[in-house]
Amino acid sequence: MENIDENNKKAIRAFLIVYILFAIVILCIIWIPNFTKTTPDFAHYKEYTQEDVATKMSDYYTNDIFTKIILGQQSDIADYISTDYLEYYETSKEEIKSVLNDFGINTKIGQVSVNVHGNDYIYSFDIVDGNNKLRLNVVETYPYKYSITLDDFVLYEKNSIMQSFDKLEISVQEVYQTMDFIEYTIDIKNAGYESLEVNLETVTDAYIVYGDGLNLSLSNPIKYDDETLSNNSSIIKKIKFELPINMQSEISKIVFTNVVIDGTTKTITLDI
Amino acid sequence: MKKEDKKIWLFALVLVLILLIILVSIFNKNASKDNLWQDYSKFSYADAYLNATKVQDRTIYWTLDKIISDYIGSYSSDVTYDNIGDNNVTYEDYYDALYEGYQKYLKKEGYLETAKNFLQKFMIQNDVEAYSMETEGLIDSIYMVEENIYLCNLSSKIQQTNAYIIIGLNTDNLSFKIMYME
C-alpha cells in the first residue's frame, strides 16, 4: 500500500512539474513576440506639437507666395483668392491680380501670425514692396488646401441660421469675420405680435456667449429712428462684437436682453 | 487512494481548469481586439473605412505625413541604386515595419510586389533608370479606424492616382507599423 501511495505522490509531483513547464511555455508563446521583435530605428516617429504645425506651414505659404511674386506669377496667387472675398467686395480675380502686380522682385515678407479658427488655420502676413503694402491671410482648411483673403477680411458666410421664438423670427443673414471682430447681419421679423421692439441702444442690450461661458457686449450701440415693428414687418440690423478671430469659432449664443413684445421686456437667446 | 492524495489531485484539477480559463479568455480578448486585422485574406479597405471617423488634428497629419513621405522617399532611385548611405533605408527594409499579421499574410515576396504597386504611384520618372518620388502634400484625408490606427487617403498630383495606407501608431514607444496599403 505504501508503494502505491509513493507512486501516487511521484505521479502528482511529475504532473505538477509538467503543468508548470506547460504554463511557462504558454506564457512564453504569448509574450515572446514582444521580446524578440524589436522595432527598427526607422520605424519610430516624431511627435509634432501645435507650434511645430504652425511654423511648418508658415514657411511653406510665405515661401510659395514670395516665389510666385518674384517670378511674376501673380495670377497664380489671385487664383487662390477666396470666393467669399470676391463676393463680399464684388471684385474679380483680375482686379486682385492688378493689385498684386504692384509687387515685384524687391518684395519682402513680414512676420507671420498664426490663428486657429475651428478646424481652420489662418496665416497672416504683410507683403511690402517700397511704398506698397498688402496684408494676406492664408485660410487653411487642411494642410495644402487653402484660400487667400486680403487685409482684415477672413471669412464671410451667408444665410447661416434662422430661429423662431413664438411669433418673433430672427435669421442671421450674413456673418462677416475679420482678424479683430465679427459682424452679424440679422433680420428681425414680427410674425404676429401687435408691436415688437429689439433695442440695441446700449452695448449691454446684446452680447455673445463664447468659450467657457464668457460674455462680450456689443462693440457699439445701434440707434434707428423707428425701432418698433408692427405685425408682419421686419428690420435688418448689423451687430458687431470685437472678438479676435481665434475665438470667433467658440461663439455659441447671441443674447438680446432688451426685446419688448407687446409692452413686456424679454430676453431672447439665439443659438449659433 | 488516500484522502490526502485525492485532495492533491483535486488541487491539480483546479489548477488545470484555471489555466484553461485564462487561456480561453486571452485568446477571446485577442480575437475581439484584432477582429479586423485577424484574417488579411478577407481584409478590405472598405471594411476599415466603414466605422472610421475623420481626423482633423494637424499634429496627427504631420506625424503621418512624415512617416509616409519617408516611406515613399525610400523608393527613390537615389536610395535603391548606388547611393545607399549608412542612414538610408530602402523600401525593402520596411518589411520589418509591417504589422505582424500583415507580414505573415504577405510574406517578403508579396510585400515587395504590394509595396512596388503602391510606391510606383508616386514615381516621377526622370529617365529610364533615375527617378525621384513625389512626397509633399500627398494626404487628402485621414480617418481613425481604431484608437491609434489611421487610414490615409493619398493622391498623387503628378500621376493623378489615389492610394491608401493604414498606419498603426504605438504612442508608448513612438513607433509605427504599416497595417495595409493599396
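These figures come from a predicted structure and were not determined experimentally. (Residues numbered from 1 in each chain as written. Chains lettered and ligands numbered in written order. Predicted model: local features only at pLDDT ≥ 70, side-chain atom pairs only at ≥ 80, totals over all residues. Heavy atoms only, no water.)

Novice: Could you give an account of the interface of chain B and chain A, with specific residues and numbers?
Specialist: Residue-level contacts link 41 residues of chain B with 36 residues of chain A. A buried area of about 3600 Å², summed over both sides, lies between chain B and chain A, and 67% of it is on carbon and sulfur atoms. Between A:Glu140 and B:Arg58 there is a salt bridge, and its shortest N-O distance comes to 2.8 Å. Across the contact surface, chain B and chain A share five residue pairs in polar contact (both at pLDDT 80 or more). (Contact = heavy atoms within 4.5 Å. Buried area = accessible area lost by both parts, 1.4 Å probe. Salt bridge = Lys/Arg side-chain N within 4 Å of Asp/Glu carboxyl O. Polar contact = N/O pair within 3.5 Å; in protein donor to acceptor, adjacent residues only side chain to side chain.)

Novice: I'd like to hear about the nonpolar core, residue by residue, with values.
Specialist: One recurring pattern in soluble globular proteins is that nonpolar side chains are buried together. Counting residues in each nonpolar core, the largest one holds 85 residues, and the members touching the most others are B:Tyr71, B:Tyr111, B:Phe118, B:Ile165, B:Phe176 and B:Met181. By residue number, the principal contributor to this core is helix α4 (residues 58-73) of chain B, which donates eight residues. Not counting the four nearest positions on each side in its chain, B:Phe118 is found in contact with B:Tyr71, B:Ile72, B:Leu154, B:Ala163, B:Tyr164, B:Ile165, B:Met181 and B:Glu182. Ranked by size, the runner-up nonpolar core spans 29 residues in total, among them A:Leu168, A:Ile186, A:Ala206 and A:Ile239. (Core = buried A, V, L, I, M, F, W, Y, C linked by side-chain atoms within 4.5 Å. Buried < 20%, exposed > 50% of the residue type's maximum accessible area, 1.4 Å probe, protein only. Helix = DSSP H or I, 4+ residues; strand = E, 2+ residues; numbered from the N terminus.)

Novice: I'd like to hear about the pairing of strand β2 (residues 113-117) of chain A, residue by residue, with values.
Specialist: Residues and elements named next belong to chain A. Bridge count between β2 and strand β3 (residues 120-129): five bridges; the pairing is antiparallel. Bridge pairing in β3 places Val116 opposite Tyr121. Counting the residues in the hairpin turn of β2 and β3 gives two residues, including Gly118, whose phi is positive at 60°. (Pairing = 2+ DSSP bridges.)

Novice: Would you mind going over unusual backbone geometry in detail, with residue names and values included?
Specialist: Residues and elements named next belong to chain A. In this structure, Glu90 is a non-glycine residue whose phi angle is positive, near 45°. When you line up the elements, Glu90 lands in the loop between α4 (83-88) and α5 (93-100). In this model, Asp166 sits at a positive phi of 60°, which is unusual for a non-glycine residue.

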